Amino acid sequence: MSTDSPAERPLLEVLREDFGLTGTKYGCGEGQCRACTVLIDGRPEPSCLTPVSRAAGASVTTIEGLASGGDLTQVQRAFLEADAAQCGYCTAGMIVEATALLRRNPRPSRSEIVDSMNPHLCRCCGYPNILRAVEMAARPDGDDA
Ligand code: FES
Ligand code: FES
């Protein structure tokens, strides 16, 4: 995809308004909630603070780009199984963050999961199930870290 958008425009705005990729959510617009997290060259970044120019030539993955051929990823399935969404507003950012974590560290400890997910706010306070979902994705066999 390409855009002739002004360089300083937030990536989040371009994704949602120009490309129709509305899975990535606008929460605070200030880098405080991480609802807007996308992967830029595999790294989770808050797209509300990221100028679109930073994405030039980079690989940008949104929540829409995780499932392949209609098959949900292990992280997405774990979120469903753990009932890790109430209103769902934070969910895309949470799943994108957890995906990045498990790609760089396939078997994170509980504290590594908490540290990675810590910048993400859930206004429904669904944290117990969210953390359980990430643990389920990291340890599908249920063994301890
Ligand atoms: S909308 Fe980007 S961090 Fe809140
Ligand atoms: S499920 Fe509602 S904000 Fe997290």
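These figures come from a predicted structure and were not determined experimentally.

**Q** Which residues make up helix 5 (residues 127–138), and what are the values?
**A** For helix 5, spanning 12 residues, the distance from its first C-alpha to its last is 16 Å, which sits close to the expected 16 Å at 1.5 Å a residue. Where helix 5 is concerned, the buried positions are Ile 130, Ala 133, Val 134, Glu 135, Ala 137 and Ala 138.

**Q** I'd like to hear about the domain arrangement of the chain, residue by residue, with values.
**A** Taken domain by domain, the chain consists of domain 1 (11–65) and domain 2 (74–138). Each side of the interface is counted separately: domain 1 has 14 residues, and domain 2 has 12 residues. Elements represented by at least two residues in the side of domain 1 that touches domain 2 include exactly strand 1 (37–40) and strand 2 (43–46). With 3 residues, the top contributor of residues to the side of domain 1 that touches domain 2 is strand 1.

**Q** I'd like a rundown of the nonpolar core, residues and numbers included.
**A** Residues Ile 95, Ala 98 and Ala 137 are the most contacted members of the largest nonpolar core, which totals 35 residues. If you list the elements that add at least two residues to this core, you get helix 1 (11–18), strand 1, helix 2 (74–81), helix 3 (91–104) and helix 5. Here the element with the most residues in this core is helix 3; it accounts for 8 residues. When residues are assigned to domains, this core turns out to be shared by domain 1 (11–65) and domain 2 (74–138), each giving three or more. Not counting chain neighbours up to four residues away, the residues in contact with Ala 98 comprise Val 75, Met 117, Val 134 and Ala 137.

**Q** Any details on the environment of Ser 116? Residues and values, ideally.
**A** Relative to the elements of secondary structure, Ser 116 occurs in helix 4 (residues 110–117). Once residues within four sequence positions are removed from consideration, Ser 116 is found in contact with Glu 97 and Leu 101.

**Q** Give a detailed account of unusual backbone geometry, specifying residues and quantitative values.
**A** Of note in the backbone geometry, Asp 41 takes a positive phi value of approximately 50 degrees without being a glycine. For Asp 41, a count of 11 C-beta atoms within 10 Å puts it in the exposed group. Within the chain, Asp 83 stands out as a residue other than glycine whose phi angle is a positive 55 degrees. Within the secondary structure, Asp 83 sits in the loop between helix 2 and helix 3. Judged by the 12 C-beta atoms lying within 10 Å of it, Asp 83 falls in the exposed class.

**Q** I'd like a description of the sheet that holds strand 2, backed by residues and values.
**A** Overall, antiparallel pairing links the 3 strands, which are arranged 2-1-3 in an open sheet. Each end of this open sheet is capped by a strand with a single partner; those strands are strand 2 and strand 3 (60–61). Two strands pair when backbone bridges link them, and strand 1 and strand 3 are joined in this way by 2 bridges, in the antiparallel orientation. From the neighbouring strand, Ile 40 faces strand 3, where its bridge partner is Val 60. Along the sheet, helix 3 makes contact with strand 1 and strand 2, crossing strand 1 at roughly 35 degrees.

**Q** Which residues make up the environment of Ala 92, and what values do they have?
**A** Take Ala 92: it is sitting in helix 3. On the basis of neighbour count, Ala 92 is assigned to the buried category, with 22 C-beta atoms found within 10 Å. Between the alpha carbons of Ala 92 and Asp 115 there is a distance of 18 Å; along the sequence they are 23 residues apart. The contact partners of Ala 92, leaving out residues within four places of it in the chain, are Gly 23, Thr 24, Lys 25 and Ile 63.

So, how was this worked out
- Residues numbered from 1 in each chain as written.
- Chains lettered and ligands numbered in written order.
- Predicted model: local features only at pLDDT ≥ 70, side-chain atom pairs only at ≥ 80, totals over all residues.
- Helix = DSSP H or I, 4+ residues; strand = E, 2+ residues; numbered from the N terminus.
- Expected span 1.5 Å × (residues − 1).
- Buried ≥ 20, exposed ≤ 12 C-beta atoms within 10 Å, placed from the backbone.
- Domains from an automatic or database assignment.
- Contact = placed C-beta atoms within 7 Å.
- Core = buried A, V, L, I, M, F, W, Y, C linked by C-beta atoms within 7 Å.
- Pairing = 2+ DSSP bridges.
- Axes fitted to C-alpha atoms, helices over the stretch in contact; angles between N-to-C directions.

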